[in-house]
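Given next are the chains, with one letter for each unit.
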Protein chains: 2
Amino acid sequence: MANTIEFYFDFSSPYGYFASFKVDSLAKKFGRTAIWKPILIGAAFRQTGAKPLADIPIKGDYCRHDWQRMSTHMEVPWVLPDPFPIAAIAPGRVYYWLSDQNMELAKQYANDVYKAYFADGRNISEPDIAVEIAANLGADRDDTHQALQDESVKQRFTAETNTAIELGVFGSPFIVVDGEGFWGSDRMWMIKKKLQQSKW
Amino acid sequence: MANTIEFYFDFSSPYGYFASFKVDSLAKKFGRTAIWKPILIGAAFRQTGAKPLADIPIKGDYCRHDWQRMSTHMEVPWVLPDPFPIAAIAPGRVYYWLSDQNMELAKQYANDVYKAYFADGRNISEPDIAVEIAANLGADRDDTHQALQDESVKQRFTAETNTAIELGVFGSPFIVVDGEGFWGSDRMWMIKKKLQQSKW
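Keep in mind it's a predicted model, so treat the numbers as computed, not measured. (Residues numbered from 1 in each chain as written. Chains lettered and ligands numbered in written order. Predicted model: local features only at pLDDT ≥ 70, side-chain atom pairs only at ≥ 80, totals over all residues. Heavy atoms only, no water.)

Take the sheet that holds strand 3 (residues 174-177) of chain A next. Judged by pairing direction, the sheet is mixed, and its 4 strands sit side by side in the order 2-1-3-4 (chain A) without closing on themselves. Each end of this open sheet is capped by a strand with a single partner; those strands are strand 2 (33-38) and strand 4 (180-183) of chain A. Ignoring which end each strand starts from, the neighbouring axes of this sheet average 20° apart. Note that strand 1 (residues 4-9) of chain A and strand 3 of chain A share 3 bridges and pair antiparallel. Residue pairing across strands places F7(A) opposite I175(A), the latter belonging to strand 3 of chain A. Running at roughly 95° to strand 4 of chain A, helix 4 (residues 59-74) of chain B makes contact with strand 3 and strand 4 of chain A of the sheet. (Pairing = 2+ DSSP bridges. Helix = DSSP H or I, 4+ residues; strand = E, 2+ residues; numbered from the N terminus. Axes fitted to C-alpha atoms, helices over the stretch in contact; angles between N-to-C directions. Contact = heavy atoms within 4.5 Å.)

Another point: the nonpolar core. Formed by 139 residues in total, the largest nonpolar core has its most connected members in F11(A), F18(A), Y109(A), F11(B), F18(B) and Y109(B). Setting aside anything within four residues of it in sequence, one finds Y109(A) in contact with P91(A), V94(A), Y95(A), L98(A), A130(A), I133(A), A134(A) and L137(A). (Core = buried A, V, L, I, M, F, W, Y, C linked by side-chain atoms within 4.5 Å. Buried < 20%, exposed > 50% of the residue type's maximum accessible area, 1.4 Å probe, protein only.)

With that settled, consider the sheet that holds strand 3 (residues 174-177) of chain B. Spatial strand order, 2-1-3-4 (chain B): 4 strands in an open sheet with mixed pairing. Here the strands that pair on one side only, and so sit at the sheet edges, are strand 2 (33-38) and strand 4 (180-183) of chain B. On average, each strand axis in the sheet is inclined to that of its neighbour by 20°, with strand direction left out of account. Note that strand 3 of chain B and strand 4 of chain B share 4 bridges and pair antiparallel. In the strand pairing of strand 4 of chain B, V177(B) is matched with E180(B). Along the sheet, helix 4 (residues 59-74) of chain A contacts strand 3 and strand 4 of chain B; its crossing angle with strand 4 of chain B, the most-contacted strand, is approximately 95°.

Moving on to the side chain of D186(A). Structurally, the position occupied by D186(A) is in the loop between strand 4 and helix 10 (188-197). D186(A) gets classed as buried once you look at its relative accessible area, which sits at 18%. Among the polar contacts listed, one links the side chain of D186(A) to the side chain of R187(B), at a separation of 2.8 Å. Excluding residues within four positions of it along the chain, D186(A) makes contact with D186(B), R187(B) and W189(B). (Polar contact = N/O pair within 3.5 Å; in protein donor to acceptor, adjacent residues only side chain to side chain.)

Another aspect to go through is the interface of chain B and chain A. Chain B puts 26 residues into the contact, and the matching count from chain A is 26 residues. The junction of chain B with chain A conceals about 2,600 Å² of combined surface from both sides, 60% of it contributed by carbon and sulfur atoms. For chain B, the biggest contributors to the area lost against chain A are I58(B), Y62(B) and H73(B); these three give 24% of the whole. The tally of links from chain B across to chain A stands at 6 salt bridges. Note that E180(B) is salt-bridged to R69(A), the shortest N-O span being 2.9 Å. Here chain B is connected to chain A by 12 residue pairs in polar contact (both at pLDDT 80 or more). For the side of chain B that touches chain A, the secondary-structure elements that each account for two or more residues are helix 3 (41-48), helix 4, strand 4 and helix 10 (188-197) of chain B. Considering only residue class, the side of chain B that touches chain A consists of 13 nonpolar, 6 polar and 7 charged. (Buried area = accessible area lost by both parts, 1.4 Å probe. Salt bridge = Lys/Arg side-chain N within 4 Å of Asp/Glu carboxyl O. Nonpolar A, V, L, I, M, F, W, Y, C, P; charged D, E, K, R; others polar.)

With respect to the element layout, D100(B) can be found in the loop between helix 5 (89-99) and helix 6 (103-118). Along the backbone, D100(B) and K59(B) are 41 residues apart, and their C-alpha atoms lie at a distance of 38 Å.

Next up on the list: the pattern of salt bridges. By the definition in use, this model includes 26 salt bridges over all chains. Between E160(B) and K37(B) there is a salt bridge, with the nearest N and O atoms lying 3.1 Å from each other. Linking E160(B) in helix 9 (residues 151-167) with K37(B) in strand 2, this pair joins segments that are 123 residues apart in sequence. Accessibility classification places E160(B) together with K37(B) in one group, the buried group. The structure contains a network of salt bridges with shared partners spanning D66(A), R69(A), D186(A), E180(B), R187(B) and K194(B).

Structure representation (structure tokens):
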């Protein structure tokens, strides 16, 4: 048992966005810290045969309505971005590069990336936008651009995604507490019970 | 607006089973009646490209664990039946045949079918077992066997499934309140809010 919980998500995932508003306060309530781990969920989809929600007949229409009402219930901003979904490679790389320097800054970056995409509708897969969001938090713009092309940063993001899949992560959001996984933004009640039972 | 809500489910669906314990009390709390509508979710899966949860790599293992812990949280019986999943044709036909005679009896039948499958591990897709469960509630055994082969009963079950898909049902459980759909056993909180807002 550790005093952390792991929050796996894809920057292109609406339900990951909704969960991002809750996960830190939930962890804190039980003396834990949430470690944010962006991944490319498409890599998991290739193993499970899943497709992006928005592209699925019938279910896609349901989800578009569901995201709207989720934002209303949660009182958080929402736009369906265009393009959607995207391969969120650039912000994932920037995130891990930042997290090795300053975990809290990286978390703020992740929050800002989610808001840029799902509140402001900006295309966060574009390197310039992914870098700009970091620069607005004080990161050096040139350094951040270079990090995007750094082989070790690229490999780090790929490795984080692969490790997540090996641990059983197949969707976003996916929260792990003491090795037990919880899939979906609707499972906060069950995570809360798990945290209550554990004696950290 | 009607004073009913519709509860769509597949007799082979674990999450439908879990929702079945909650839907009537939730409806009643707001002066509504839940109309139970068994369907063959496989027909929807053919349109959405979904596969049975248990057969999906990674996700299947997650779900097997999740069903176990759901039963613990809800304090309801649980076994993973073998075979699983099944095409629950026989109990679906018996259900609609009964519901045309006595809606409450049909609902009791549906409850007993779910328990036979997910608490006792009996193969409810076998006509003899589907009939026996009805006979235990007082239905005539021969009449029930005949109903299973009745063309109008067969067509009724097919038509209910097709109508559900046309309405946007793609998973089990799927609950519809005044035309708005809610997918999954985790969405009772949102259904409750919807029912609170409506002025029936």
